[in-house]
Amino acid sequence: MPLSFQDIFMAQSIPIQSALVSVFHKDGLAPIVEKLHQLGVTLYSTGGTEQFIKDQNIPVVAVEDLTDYPSILGGRVKTLHPKIFGGILNRQNNESDQSQMNEFSIPQIDLVIVDLYPFEQTVASGADPQAIIEKIDIGGISLIRAAAKNFADTFCLSSVDDYADFLTLITEQNGSTTLAQRKHFAAKAFACSSHYDTAIFNYFNENNDLSALKLSINQGQVLRYGENPHQKGEFFGAMDKMFDKMHGKQLSYNNLLDVDAAVQLMNEFQGEHHPPSFAILKHNNACGMAQASSLSEAYAKALAGDPVSAFGGVLIANRSIETETATAIHELFCEVVIAPDFSEEAFDLLSQKKNRILLKQKLFHTPDHNVRSCLNGFLRQERDDKTDQAEDLKVVTDTKPSANEINDLLFASVLCKHTKSNTIVLAKNGQLCASGTGQTSRVDALRQAIEKANSFGFDLSGAVMASDAFFPFPDCVEIAHKAGITAVIQPGGSIKDQLSIDYCNGHNLSMVFTGTRHFKH
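Being a predicted model, the structure only gives us computed values, none of them experimental. (Residues numbered from 1 in each chain as written. Predicted model: local features only at pLDDT ≥ 70, side-chain atom pairs only at ≥ 80, totals over all residues. Heavy atoms only, no water.)

A. Summary view of the pattern of salt bridges. Applying the stated rule across the entire model yields 13 salt bridges. With a closest N to O distance of 3.9 Å, Arg319 and Glu272 form a salt bridge. Taken together, the positions of Arg319 in the loop between strand 13 (313-317) and helix 14 (323-330) and Glu272 in the loop between helix 12 (253-266) and strand 11 (277-282) put the pair 47 residues apart, joining distant regions of the chain. The exposure class assigned to Glu272 is exposed, which follows from its relative accessible area of 70%. Across the pair Arg442 and Asp468 runs a salt bridge whose closest N-O atoms are separated by 2.3 Å. (Salt bridge = Lys/Arg side-chain N within 4 Å of Asp/Glu carboxyl O. Helix = DSSP H or I, 4+ residues; strand = E, 2+ residues; numbered from the N terminus. Buried < 20%, exposed > 50% of the residue type's maximum accessible area, 1.4 Å probe, protein only.)

Okay, structure coming up:
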């Protein structure tokens, strides 16, 4: 009578008496095979791993001698054989399985140490298609799945990252493993195999010809909490590829959202052709942003945009932060400061606040698509990579914007693109004066921006206005004109565009259409 699931979990620990070892990565393998040899474990191997074990002066049985079949097809078929998979998959408490093991002289295999060809690394290296195809592992992933499936009797070690833990385990337990340990490593094995298959699928489906969403990220970090203290939160991703964390406390869930918004915004102002630029963000929106001839001046102008909201914000620069800028920043309570680098003096000063997070940004590629949960599934879309340029602008009014106004219009348009909808952005001389963010009415967003700009002492005469979507009525351009706005940028596309154009023509406002909407929700 077969054992119940509970009976299986009550099983005693099993000593390792035989092992199949076939790996691509051999770092850290030598002490494991040495320990297995000391424990009297029979080792089976093939190819380069077999030679590696022999070089350690440790006896090893070639897989070809066990199967009586050579490696064929240039190494594509080595371990795919009943004597290998029977040894891994047999159920030791099943009389029929054991009878067949004896009938076909199949040896028991208690341990499988196998990793996979570096498929993702090969793709990332820019290798040619044939080289990439050859790095699709067949035997390795089959062995991993077989050993993990039969975790009741077989231990699966599928990653070089676990070598040290495994060595400690067999040393402390004299070569035996418990069911709980085998199940834990089986979960790791299936995580490894599923991640590998996801990477292969995404390579073949790079053009999204198949409507399927496959995501797999092995690097996870438990956060202090989620958006609120009563919510659990985790981050999945390789932060170290984007930043060197130089100082400060752990990034929170909300910090990460603000850092993402900050990075996406400042990516629009990278390169020496852009002047020194500084932005301050709060709740994923820029509350201050400016460009100037020096970074310290850009910071001062960004802070002036909303010194109240800047408290506890996330700061980002497109230039290395030096002493003068750091001295000004140090007077503000802020959660995170991001820059391409920090001078030694700037770092020494900013790190005096033990919790202040300092991130040195690296060159990196952000994902081409945005993914978010929705209802009982997910939404995926292409990232909004469209940035309005001077050549995109269509002047639709009699009055044409000046060169300085065009610069401000494009500057405001970028800010609009990275601000929650509905939004209106007011800017002047490379400085964010104010924005209305996340409003249900575009008129409300405009009034919010005007009121905010006035409260911080901005003179809006000669300022420009950007909108993330078209104006269905002329009320926004009328309100803007009365506040001192002289130039407007918007996508256009309303059936009543002419009403706004007529108002502008009647009051000497210039207006340009971009043809591109930039909603952000």
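On we go.
B. Structural detail: empty space enclosed by the protein. Scanning the entire structure with this criterion turns up one cavity of 30 Å³ or more. Lining the largest cavity are 13 residues, and of these Asp388, Ser413, Ser467, Asp468 and His518 sit closest to its centre. Of all the secondary-structure elements, those providing two or more residues to the lining of the largest cavity are helix 16 (403-417), strand 21 (464-467) and strand 22 (487-490). A per-element tally of the lining of the largest cavity places helix 16 first, with three residues. Tallied by class, the residues present in the lining of the largest cavity amount to four nonpolar, six polar and three charged. (1 Å grid on protein atoms, 1.4 Å probe; cavity = no way out; pocket = protein on both sides within 12 Å on 5 of 7 lines; lining within 4 Å. Points joined across faces, edges and corners; volume = space filled by probe spheres on them. Nonpolar A, V, L, I, M, F, W, Y, C, P; charged D, E, K, R; others polar.)

C. View of the environment of Glu120. You can see Glu120 is positioned in helix 7 (residues 119-124). Relative accessible area serves as the criterion here: at 41%, Glu120 is assigned to the partly exposed category. A sequence separation of 125 residues divides Glu120 from Lys245, and the C-alpha atoms of the two residues are 25 Å apart. Ignoring anything within four residues of it in the chain, the contact list for Glu120 reads His195 and Ala199. (Contact = heavy atoms within 4.5 Å.)

D. Fine view of the environment of Pro15. Relative to the assigned elements, Pro15 resides in strand 1 (residues 14-15). Spatially, the C-alpha atom of Pro15 lies 6.5 Å from that of Thr177, the residues being 162 residues apart in sequence. When neighbours within four sequence positions are excluded, Pro15 is seen to be in contact with Asp110, Gly175 and Ser176.

E. Expanded view of the packing of helix 9 (residues 139-149) against helix 11 (residues 179-204). Relative to each other, helix 9 and helix 11 sit at 150°, their axes nearing to 9 Å. When the axes of helix 9 and helix 11 are compared, the pair comes out roughly antiparallel. The interaxial crossing formed by helix 9 with helix 11 has left-handed handedness. Residues Ile141, Ile144, Arg145, Ala148 and Lys149 of helix 9 pack against Ala186, Ala189, Phe190, Cys192, Ser193, Tyr196 and Asp197 of helix 11. A per-class count over the contact of helix 9 with helix 11 returns eight nonpolar, one polar and three charged. (Axes fitted to C-alpha atoms, helices over the stretch in contact; angles between N-to-C directions. Parallel < 35°, antiparallel > 145°, perpendicular 65-115°, else oblique. Left-handed = near helix turned anticlockwise from the far one by under 90°.)

F. The packing of aromatic side chains, seen in detail. Applying the stated criterion across every chain yields a total of nine aromatic pairs. Both rings, one in Phe119 and one in Tyr196, keep their centres 6.3 Å apart while their planes meet at 65°; by these two values the pair is edge-to-face. Here Tyr196 lies in helix 11 and Phe119 lies in helix 7, a separation of 77 residues in the sequence. A single burial state applies to Phe119 and to Tyr196, both of which are buried. Looking at Lys214, its charged tip hangs above the ring of Phe201, at a distance of 5.9 Å from the centre. (Phe/Tyr/Trp six-rings, centres within 6.5 Å; stacked < 30°, edge-to-face > 60°. Lys NZ or Arg CZ within 6 Å of the ring centre and 35° of its normal.)

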